[in-house]
Amino acid sequence: MTIGQKLIHLRNVANMSQEQLSETLGVSRQSISKWEMDQALPQIEKVIQLAEIFGVTTDELLLDKIEINRSPKKGPRKLKYFGTDGFRGEANVNLTSMQAYKVGRFLGWYFSSKLSGCTKPGYRPRIVIGKDTRRSSYMLEYSIVAGMAASGADVYMLHVITTPGVSYVTRKDEFDCGIMITASHNPFGDNGIKVLNRYGEKLDDETTALIEAYIDGDLHELGVTGEDLPLAQGAKLGCIHEYSAGRNRYTGYLISLASNSYKRLKIGLDCANGAAWNIAGAVFSALGAQTYVIGDEPDGVNINEGCGSTHIEKLKKLVKEKHLDVGFAFDGDADRCIAVDENGNEVDGDAMIYILGKRMKMRGTLNDNTVVTTIMSNSGFVASLEEAGMKCVQTKVGDRFVYECMQNNDYAIGGEQSGHIILKKYATTGDGILTAIMIAEELCDSKSSLAKLAEPIHLYPQFLKNVRVKDKAAVLADAKVLKAKEEVEKLINKKGRVLLRESGTEPVIRVMVEAEAQELCVAYAEMIVKVIVEGGHCVE
């Protein structure tokens, strides 16, 4: 048993994240990752510290012949507010300004407490916050900011910016954490709170569970006596700063990643009336492209409304009418991107992963010739990767799981069919504008069209139906629904597949079918949906 395997085991038993262990040891999280992958050995003084933290001897850690097997501690608190993409809900219904204030109060307190590993008396946490263009984003932003300042944190406000923009600023400007107010591709009435760690990654479940404990008034779990967290007073109150410089630096970073001039490219951009509206056009114009921008007139209620990556009809029309080379559509917080080729055809996240993976393989930068996708990826796409000499590792649905797999195995690219694409060299989260730049780079370098680049991909017909339900778990446990799924699988006869899964952010069950023909996909999916409806599971 290697030291890396032992560290993973001991950390999991202790319910400790890589970030928490790195803070305790005073090393980078990347160092912890390298130790756990057996790419490097910790220095002897760190070995001694690790032995003390986990209650083992140094020999037990260092000698491969000694195995360590411990029973895990009590599992972490089950999350009820935060899902795979943050705290998501309908504004002022199941995501209220008071809950947002409590999130701020906790974060402002936590990063100066011993619970976070802080050892500096009187430390003032630095937290950066951004938002999308929803009307409720302003309400939630001010509530969170008030809570953080009341707990003694200094807050830096980026205002309207993309999620990957907050991630970049958090990481590069060394903030304790970053916050993004957004519900991504959801309608304007919904909203959400994404919390990022100091590396610009999604916050670990252990810390997230502590946020929920505070929201529910469980101070005992935080080790706090009294009725509430302490309030900062006098000069210890947090300061609130405007931080547009951070947004400008992120825009400059994106521009710096391109090595070509785009003066010969005509590019359409659909900003979804969301967070990319004042960034995407500026970036591509600065790179010399002839840009045609739609979805750049946010009014607080039109985010994602008939536009953006989930509604690309307008972008398709724009590309064909203006005879553009390519179009890119972003979602409300621009962490995902869907492309449109010169013929007006959709090029989804899987296809872009294929194109960029192939580009990286040719340049020797695709580690282990492997890309990471989710179980939602089309089976034909996976076969096309193999034909091009690439391997595919699949995870559960969610860019968080994709990133964890990439981080643990040092893979260079991963993403989802929906357009979340993570390029690990440049970012720790999906970045729609970054993805668009890299596709444009390949168009320039290959002197080819997007349709030609995507041509080798042979996809099986696929149909996805979203069903709004009262109880997602009840649907997946319904024997009649499961029987309908089995019957469809028999009809497909191994020439396709069926997936039933819960949405991580909405009260939705996703029914996905792949089969030999599109009409079969639709018919088979509707067979399952009919059983869900007849079972009384649907929201009227």
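Our structure is the block above this text.
Residues numbered from 1 in each chain as written. Predicted model: local features only at pLDDT ≥ 70, side-chain atom pairs only at ≥ 80, totals over all residues. Heavy atoms only, no water.

Peer 1: Mind showing me how you'd approach the sheet that holds strand E10 (residues 326-330) here?
Peer 2: Paired through backbone hydrogen bonds, the strands of a sheet run either parallel or antiparallel to each other. Within the open sheet, the five strands sit side by side as E9-E8-E10-E11-E12. Their pairing is mixed. Single-partner strands in this sheet number two, and they are strand E9 (290-294) and strand E12 (346-347). Of the strand pairs in this sheet, strand E8 (residues 266-270) and E9 are connected by five bridges, and their pairing is parallel. From the neighbouring strand, Gly 268 faces E9, where its bridge partner is Tyr 292. Sitting on the sheet, helix H12 (residues 313-321) is in contact with E8, E9, E10, strand E11 (337-340) and E12, with an inclination near 160° to E10. Across the sheet, helix H16 (residues 432-446) lies against E10 and E11, angled at about 165° from E10, the strand it touches most. (Pairing = 2+ DSSP bridges. Helix = DSSP H or I, 4+ residues; strand = E, 2+ residues; numbered from the N terminus. Contact = heavy atoms within 4.5 Å. Axes fitted to C-alpha atoms, helices over the stretch in contact; angles between N-to-C directions.)

Peer 1: Help me understand the packing of helix H19 (residues 479-492) against helix H20 (residues 518-534), please; the structure alone is not making it clear to me.
Peer 2: Helix packing for two helices is described by the angle between their axes and how far apart those axes are. It is at 9 Å that the axes of H19 and H20 come closest, and there the two elements cross at 170°. Regarding the angle of H19 to H20, the classification is roughly antiparallel. Helix-helix and strand crossings are classified by hand; for H19 and H20 the assignment is right-handed. Every residue of H20 that contacts H19 at Lys 480, Val 481, Ala 484, Lys 485, Val 488, Leu 491 and Ile 492 is listed here: Tyr 524, Met 527, Ile 528, Val 531 and Ile 532. Looking at side-chain class alone, the contact of H19 with H20 contains 10 nonpolar, no polar and two charged residues. (Parallel < 35°, antiparallel > 145°, perpendicular 65-115°, else oblique. Left-handed = near helix turned anticlockwise from the far one by under 90°. Nonpolar A, V, L, I, M, F, W, Y, C, P; charged D, E, K, R; others polar.)

Peer 1: How should a nonpolar patch on the surface be read in this particular structure?
Peer 2: Together, Ile 44, Ile 48, Leu 62 and Leu 63 line one region of the surface with nonpolar side chains, adding up to about 330 Å² of accessible area. Among the secondary structure elements, Leu 63 is positioned in the loop between helix H5 (58-62) and strand E1 (82-83). Note on Leu 63: relative accessible area 33%, which makes it partly exposed. (Patch = residues over 30% accessible without salt bridge, like charges linked within 9 Å, V, L, I, M, F, W, Y side chains within 5 Å. Areas by Shrake-Rupley, 256 points an atom, 1.4 Å probe, with all protein chains shown as cover. Salt bridge = Lys/Arg side-chain N within 4 Å of Asp/Glu carboxyl O. Buried < 20%, exposed > 50% of the residue type's maximum accessible area, 1.4 Å probe, protein only.)

Peer 1: For this particular structure, what's the right way to read the pattern of salt bridges?
Peer 2: Side chains that differ in charge, positive against negative, can pair when their charged atoms come close. Throughout the structure, instances matching the rule amount to 27 salt bridges. The residue Asp 85 makes a salt bridge to Lys 194 at a minimum N-O spacing of 3.6 Å. Taken together, the residues span a long stretch of sequence, with Asp 85 in the loop between E1 and strand E2 (86-90) and Lys 194 in strand E6 (residues 190-196) at a distance of 109 residues. The buried category is assigned to Asp 85, whose relative accessible area is 9%. Arg 134 is the partner of Asp 132 in a salt bridge, and the nearest nitrogen-oxygen pair spans 2.7 Å.

Peer 1: Explanation requested: the pairing of strand E13 (residues 370-374) in the structure shown.
Peer 2: Successive residues of a regular strand alternate their side chains across the two faces of the sheet. With five of its five residues buried, E13 lies for the most part within the structure. Because side chains alternate across E13, one face comprises the buried residues Thr 370, Val 372 and Thr 374, and the other comprises Val 371 and Thr 373, equally buried. As a crossover connection, the stretch from E13 through helix H14 (residues 379-387) into strand E14 (residues 391-395) is right-handed. (Right-handed = clockwise from strand over helix to strand, strands pointing away.)

Peer 1: Would you mind going over the nonpolar core with me for this structure?
Peer 2: In summary, soluble globular proteins display a tendency toward joint burial of nonpolar side chains. Membership of the largest hydrophobic core comes to 67 residues, with the highest contact counts inside it found for Tyr 262, Ile 267, Phe 284, Phe 328, Phe 330 and Ile 433. No other element matches H16, which puts nine residues into this core. Dropping the residues within four chain positions of it, Tyr 262 is found in contact with Ile 267, Phe 284, Leu 287, Gly 288, Ala 289, Gln 290, Ile 437, Ala 440, Glu 441 and Cys 444. One finds Leu 95, Tyr 110, Val 195 and Leu 219 within the second-largest nonpolar core, a separate group that totals 35 residues. (Core = buried A, V, L, I, M, F, W, Y, C linked by side-chain atoms within 4.5 Å.)

Peer 1: What exactly am I supposed to notice about the packing of helix H2 (residues 18-25) against helix H4 (residues 44-54) here?
Peer 2: Look at H2 against H4: their axes get within 11 Å of each other, and the N-to-C directions meet at 120°. Viewed along their axes, H2 and H4 adopt a mutual orientation that is oblique. The two elements H2 and H4 meet at a crossing, and its hand is right-handed. In contact with Leu 21, Thr 24 and Leu 25 of H2, H4 contributes Lys 46, Gln 49, Leu 50, Ile 53 and Phe 54. A per-class count over the contact of H2 with H4 returns five nonpolar, two polar and one charged.

Peer 1: Would you explain the packing of aromatic side chains in this entry?
Peer 2: For any pair of aromatic rings, the description consists of the separation of the ring centres together with the inter-plane angle of the planes. Applying the stated criterion to the full structure yields 12 aromatic pairs. Residues Tyr 168 and Tyr 253 carry aromatic rings whose centres are separated by 4.4 Å and whose planes lie at 20° to one another, so their mutual orientation is stacked. Here Tyr 168, found in helix H8 (residues 163-172), pairs with Tyr 253, found in helix H10 (residues 244-256); they are 85 residues apart in sequence, far enough to count as distant. Accessibility classification places Tyr 168 together with Tyr 253 in one group, the buried group. An aromatic cluster is built from Phe 106, Trp 109, Tyr 110 and Phe 111, whose rings are joined through pairwise contacts. Residue placement shows Arg 126 over the ring face of Tyr 156; its charged tip is 5.2 Å from the ring centre. For the cation-ring pair, Arg 126 lies above Phe 175, with the distance from its terminal atom to the ring centre recorded as 4.2 Å. (Phe/Tyr/Trp six-rings, centres within 6.5 Å; stacked < 30°, edge-to-face > 60°. Lys NZ or Arg CZ within 6 Å of the ring centre and 35° of its normal.)

Peer 1: What's the story with the sheet that holds strand E18 (residues 497-502) in this structure? I'm lost.
Peer 2: Spatial ordering of the open sheet is given by E17-E19-E18, a layout of three strands whose pairing is antiparallel. Two strands in the sheet have a free side with no partner beyond their single neighbour: strand E17 (462-468) and E18. With direction set aside, neighbouring strand axes in the sheet form an average angle of 15°. Two elements, E17 and strand E19 (residues 508-514), share seven bridges in a ladder whose sense is antiparallel. Note that in E19 the partner of Gln 462 across the bridge is Glu 514. Across the sheet, H20 lies against E17, E18 and E19, angled at about 20° from E17, the strand it touches most.

Peer 1: How do you make sense of the side chain of Thr 370 when you look at a structure like this?
Peer 2: Take Thr 370: it is sitting in strand E13. Only 2.7 Å separates the side chain of Thr 370 from the backbone oxygen of Asp 368, close enough to count as a polar contact. When neighbours within four sequence positions are excluded, Thr 370 is seen to be in contact with Lys 391, Val 393, Tyr 411 and Ile 413. (Polar contact = N/O pair within 3.5 Å; in protein donor to acceptor, adjacent residues only side chain to side chain.)

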